[in-house]
Structure formats: C-alpha cells, structure tokens
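These are the residues of each chain, in order.
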Amino acid sequence: MLADLTAGAVEDARSRAAERPTAVVEAAALAQRPALDALAALAPSDRVKIIAEVKRASPSRGDLAAIPDPAQQARRYEEGGASAISVLTEGRRFKGSLADLEAVKAAVGLPVLRKDFIATEYQVLEARASGADLVLLIVAALEQDLLARLHRLTLDLGMTPLVETHSADEIDRAADLGASLVGVNARDLSTFHLDRDLFGRLVDRIPAGAVKIAESAVLTPQDVAHYRAAGADVVLVGEALVTNDPVTTLRAFLDAGAPEGASERKESE
C-alpha cells in the first residue's frame, strides 16, 4: 500500500512538472516569505500540543468529510488551540491538493505541514512554493540516501522536516539524519493495522532533544492522554477533528493532555 501510494504521488508530481517545470517551481519557492518556525511552535511544554489535520478521506476509512472550505476548517483548528496544521495534499486516495494547502496557509498564522508521499525534490519545492512550513518524510518509503537528500533540501528551503517512523530501525535512521521532529505512526502503512502502544514501545529510542510526535489512533481524549503519558510532546489528529466539532474536540483533547491539577485552559478569544 505504501509503495503504491508513493508511486502514485510521484506520478502525479511528474504530470504537474510537465506543466510547471522545476525551474519555475524553484523560483516560486525561493520567492516565498520565510517559513514559520515549526520547532518553536511544537517545542515541548507542560501541556501536550496538537497538529490538527485537514483530511477528507483515507484508504483505510474511505470518505471522512467533504471539507468544502479547508480554510474555514483550519481557522476552527486555530480557534480550538492547535499548534500547527497538517494538510493532506495527496489526491488519489486522500482527496487533497496543493490548493488546499495554499488556502489553509492564507487563512491561519500557524505552521502548516504538507502531508503527502514525498519522494522527489520537485515535491519538496512544490511544498515551499505553496507556503508549507513543514514537510512529511516517511522513512519506510525512502532509501536512506534519498531520505537524507530530501531532508537536507527541506532544511535548505527553511522548512522543518517531520520524519515519520514505524519501527526502532526507522527511528535510528531518523537519528542518523539529525531529525529534530520525529513522529511515530501507529498505523503500519504496509498493512494499515493500528497499534496505539507502538509509540510507547519506541519513544525511548527517539534521540534526546528531538520533538516526539505520536500519530494516528486518536479518536478520544483518552487516546491523547495515553500518548501524553507515554511521553509524546505532540499528537497529530485527523479523523476525530473532521468528523466532530473541531473546536470542542480540540479543547477536550488539549485538556486531556494537560498536567494533572493544572488550571483551566483559557478560552480562545
């Protein structure tokens, strides 16, 4: 499944490149305003932080939400207290687009992640040209030399790579890159099986100083509390926020990840 998703994303990127050559996209990327500091936004604190995802569909769950206005969805995430926003830009199975990312970036003041199956330099340039502040790099989808090259390009363009892992070996590969944001995805992208306890088994292997991000298997406040107790600095949430009221759900999730006995989180203005 992961190989098919990556191959499809690369094929679609090649089609776009035929209409918008690399030199044009690179010029647009370099002309963008500097990327926001995602590391500062997601830095560990006494409360869990949340990356809220704009996600219409997935291969495992099918259609989730129409999201006719991704900018409005993103504004609700910002209102609810998200620290960053992830935008699915894969079009075949997730029904996203770079236009969604551009709309979200124009609507909010939070760092925005391009979440896609990135395997070419062109896709990284596209991300920056569309305003992305972060780019997802999936270790399982990339040979180490290519992963390192894309990681370096992302940094050179001023963005932050979120390096996604699913095993101890993949965390070691992320560490070899010097990755500052390391995600552990509870969903095995080969089988789409979910294992909420995977993060807890792997968290101690994530290098000291890296921001620790738990991804997938988050439907309730208890799931957020579970990840926080296991050591997550940040939790990435998608389905629960597009199938429920995003502001109410986000606030409940953030409260679940607050330190025991902490005062009530301030209401957003």
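As a reminder, the structure under discussion sits directly above these lines.
Position numbers for residues count from 1 along each chain, tracking the sequence in the order it is written. Since the coordinates come from a predicted model, pLDDT governs what is reported: local features require at least 70, and pairs of side-chain atoms require 80 or more to be given and counted, while whole-chain, interface and lining totals use all residues. Only heavy atoms go into the side-chain values, all of them from the structure, while hydrogens and water stay out.

Glancing now at helix α5 (residues 98–107). Residues of α5 that are buried include every one of Leu98, Asp100, Leu101 and Val104, and no others. Along the axis of α5, the buried positions cluster into a sector of 150°, meaning they face one direction only. Each element contacted by the buried residues of α5 is listed here: α1 (2–19), β1 (49–54), α4 (70–80), β4 (84–88), β5 (112–115) and α6 (121–129). The backbone nitrogen of Ala99 has a side-chain oxygen 3.3 Å away, supplied by the residue at the start of α5, namely Ser97. Per-residue accessibility, obtained with a 1.4 Å probe over protein chains only, is compared with the maximum for each type, and a residue is labelled buried under 20%, exposed over 50%, and partly exposed between these values. The helix count covers DSSP runs of H or I at least four residues long, the strand count covers runs of E at least two residues long, and both are numbered beginning at the N terminus. Within this analysis, the arc is defined by the directions that extend from the helix axis to the C-beta atoms. Residues count as neighbours in contact if any of their non-hydrogen atoms are within 4.5 Å of one another. By the criterion applied in these results, polar contacts are pairs of N or O atoms within 3.5 Å in which, for protein atoms, one can donate a hydrogen and the other can accept it, and in which residues neighboring in sequence qualify only through two side-chain atoms.

What follows covers the packing of aromatic side chains. Between 30 and 60 degrees the pair is tilted, below 30 it is stacked and above 60 it is edge-to-face, where a pair is any two Phe, Tyr or Trp rings, Trp via its six-membered ring, whose centres lie within 6.5 Å. Using the criterion set out here, one finds two aromatic pairs in the structure. On the basis of an interplanar angle of 35° and a centroid distance of 5.9 Å, the ring pair of Phe94 and Phe117 is categorised as tilted. Within this pair, whereas Phe94 is found in the loop between β4 and α5, its partner Phe117 is found in the loop between β5 and α6, the two being separated by 23 residues in sequence. You'll find Phe94 and Phe117 in the same group, each marked buried. With 5.9 Å between their ring centres and 80° between their planes, Phe199 and Tyr227 make a pair best called edge-to-face. Within this pair, whereas Phe199 is found in helix α9 (residues 198–202), its partner Tyr227 is found in helix α10 (residues 221–230), the two being separated by 28 residues in sequence.

With respect to the secondary-structure elements, His151 resides in helix α7 (residues 144–156). You can call His151 buried: its relative accessible area is 6%.

Once that is clear, we can look at the pairing of strand β8 (residues 181–185). On a regular strand, each side chain points to the face opposite its neighbour's, so the side chains alternate between the two faces of the sheet. The buried fraction of β8 is high, at five of five residues. Across the two faces of β8 the burial is the same, with Leu181, Gly183 and Asn185 and Val182 and Val184 all buried. Between any two strands, at least two bridges found by DSSP are needed for them to pair. In this structure, strand β7 (residues 160–165) lies alongside β8, joined through four bridges in parallel fashion. Within β8, the residue paired with Glu164 across the bridge is Gly183. The crossover handedness rule: strands pointing away from the viewer, path from first strand over the helix to second strand clockwise, crossover right-handed. Tracing the backbone out of β7, into helix α8 (residues 168–177) and back to the parallel element β8 gives a crossover that is right-handed. As paired strands, β8 and strand β9 (residues 211–215) are joined by five bridges and run parallel to one another.

For the rest of this paragraph, the subject is the pattern of salt bridges. The working definition used for a salt bridge is a side-chain nitrogen of Lys or Arg within 4 Å of a carboxyl oxygen of Asp or Glu. A complete count under the given rule lists 17 salt bridges for this structure. Among the salt bridges present, the one from Lys115 reaches Glu53, with a minimum N-O distance of 3.0 Å. You can see Lys115 sitting in strand β5 and its partner Glu53 sitting in strand β1, a full 62 residues away along the chain. A single burial state applies to Lys115 and to Glu53, both of which are buried. Within the structure, one salt-bridge network assembled from shared partners comprises Arg16, Arg114, Asp116 and Glu126.

This next bit is on the nonpolar core. For soluble globular proteins, nonpolar side chains are generally found buried alongside one another. Tyr77, Ile85, Val104, Met159, Tyr227, Val235 and Val237 are the most contacted members of the largest nonpolar core, which totals 66 residues. Every residue in contact with Val235, bar those within four places of it in the chain, is listed here: Val48, Lys49, Ile50, Ile51, Ala214, Val218, Val224 and Tyr227. Only buried residues count toward a nonpolar core. Its members are Ala, Val, Leu, Ile, Met, Phe, Trp, Tyr and Cys residues joined through side-chain atoms within 4.5 Å.

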